[in-house]
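# Report on the structure
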There are 2 protein chains.
Amino acid sequence: MTTSAPGGRERRPGRRGDLLDPLCPTRQLLDRVGTKWTSMTVKVLAEAAPGELRFAELRRRIPGISQKMLSVTLQSLVRDGLVARRVEPTVPPAVHYRLTALGLSLETPLAALRDWAETHMPEIDRNNRLADEPASGQGARPTES
Amino acid sequence: MTTSAPGGRERRPGRRGDLLDPLCPTRQLLDRVGTKWTSMTVKVLAEAAPGELRFAELRRRIPGISQKMLSVTLQSLVRDGLVARRVEPTVPPAVHYRLTALGLSLETPLAALRDWAETHMPEIDRNNRLADEPASGQGARPTES
DNA sequence: CGGGATCCTTCACGATACTG
DNA sequence: CAGTATCGTGAAGGATCCCG
């Protein structure tokens, strides 16, 4: 690591580029949640809660994730206090991860967003396809209000 | 534009790189919502709903956004059918934006996420500061469960 | 007024290789 | 097993200029 933490953007308020992105907590949260693997990781850990999952087990449950991104994502979550890391000092070390209470509380609004996504993303896909092919006649509008 | 739409990632399912990111609607949604200005734009439009806002008015209400990013963000939202665009063909053209019913329905889970952020981000910030300064004695742990 | 077209920088993410 | 280190790429996003 050169200057910043590996898993996040500017974690230091007061360094540089601070006035532009003031203090809006929503943006800070979306910077983490919007990260490609964060929400998936939280979801998988939430499904296993209150149990723990080991690194390899997490990898298996998150299809497509690389070991680097899993590592980076988990470090971010641990830094944020959303995930607790427990190392068993055995000969091949066994590391266990679980959601903290804070992490579990995030699962609720995240699940709401997931629910919305599964309900309405097909409609969004339809709208995008309509926008891509204006070749048809007319009168085919995306679902407006 | 070379190949893809300006405001979005791969909008075409079935092109390439499809097997890795299968069909998970949550990721698709977070790819949009996680985009820097999308959630803020939706929020501002939701506050004005069912009224409309013009381009310059939106810029004023979203501090720090560039006109390019506002343009790109709005185009994405319009493509998705979350925002409706109405052009008044006057001499200096007046363009009005408003949330569609779909966009308004997204506001609900988004507000839940905002609420969580405002409640818990201070704690996350605290946890990050604790992780940055291990210089203190001991016993100061982030708020675990 | 409401953008579009370009240029440029930064960063998220993937692939690969190495370690304790 | 559970990472860390390094390299390279594509895409987000800011700044600037121009246009109808």
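Above: the structure in question.
Residues numbered from 1 in each chain as written. Chains lettered and ligands numbered in written order. Predicted model: local features only at pLDDT ≥ 70, side-chain atom pairs only at ≥ 80, totals over all residues. Heavy atoms only, no water.

### Considering the protein's contact with DNA strand C
In the region of DNA strand C, 19 residues are neighbours, and Lys36(A), Lys68(A), Gln75(B), Arg85(B) and Tyr97(B) sit closest. A breakdown of the atoms of DNA strand C within 4 Å of the protein gives sugar and phosphate a share of 68%. Here a phosphate oxygen of DNA strand C sits 2.8 Å away from a polar atom, N or O, in the side chain of Arg54(B). Counting only elements with at least two residues in the surface near DNA strand C, the list comes to helix H4 (67-80) of chain A together with helix H3 (55-61), helix H4 (67-80) and strand S3 (94-99) of chain B. Element by element, the count of residues in the surface near DNA strand C is highest for H4(B), at four residues. The residue inventory of the surface near DNA strand C, partitioned by class, reads eight nonpolar, five polar and six charged. (Near = heavy atom within 4 Å. Polar contact = N/O pair within 3.5 Å; in protein donor to acceptor, adjacent residues only side chain to side chain. Helix = DSSP H or I, 4+ residues; strand = E, 2+ residues; numbered from the N terminus. Nonpolar A, V, L, I, M, F, W, Y, C, P; charged D, E, K, R; others polar.)

### Brief notes about the pattern of salt bridges
Evaluated as defined, the whole model comprises 18 salt bridges over all chains. The residue Arg114(A) makes a salt bridge to Glu107(A) at a minimum N-O spacing of 2.2 Å. Of the two residues, Arg114(A) and Glu107(A), both sit in the buried class. One salt bridge in this structure joins Glu88(B) and Arg86(B), with 3.6 Å as the shortest N-O distance. Given the relative accessible area of 30%, Glu88(B) is considered partly exposed. Taking the relative accessible area as the measure of exposure, Arg86(B) reaches 37% and is therefore partly exposed. Three or more residues joined by partner-sharing salt bridges are found here, namely Glu52(A), Arg86(A) and Glu88(A). (Salt bridge = Lys/Arg side-chain N within 4 Å of Asp/Glu carboxyl O. Buried < 20%, exposed > 50% of the residue type's maximum accessible area, 1.4 Å probe, protein only.)

### Looking at the protein's contact with DNA strand D
Within the structure, DNA strand D sits among 19 residues, and Gln75(A), Arg85(A), Tyr97(A), Lys36(B) and Lys68(B) are positioned closest to it. Counting only the atoms of DNA strand D that lie within 4 Å of the protein, the sugar and phosphate share comes to 69%. Within the backbone of Ala56(A), one N or O atom sits 3.0 Å away from a phosphate oxygen of DNA strand D. Contacts to DNA strand D include Arg85(A), whose side-chain N or O atom sits 2.2 Å from a phosphate oxygen. Taken together, the elements giving at least two residues each to the surface near DNA strand D come down to helix H3 (55-61), H4 and strand S3 (94-99) of chain A together with H4 of chain B. Ranked by residues supplied to the surface near DNA strand D, first place goes to H4(A) with four residues. Here the surface near DNA strand D is built from residues that sort into eight nonpolar, five polar and six charged.

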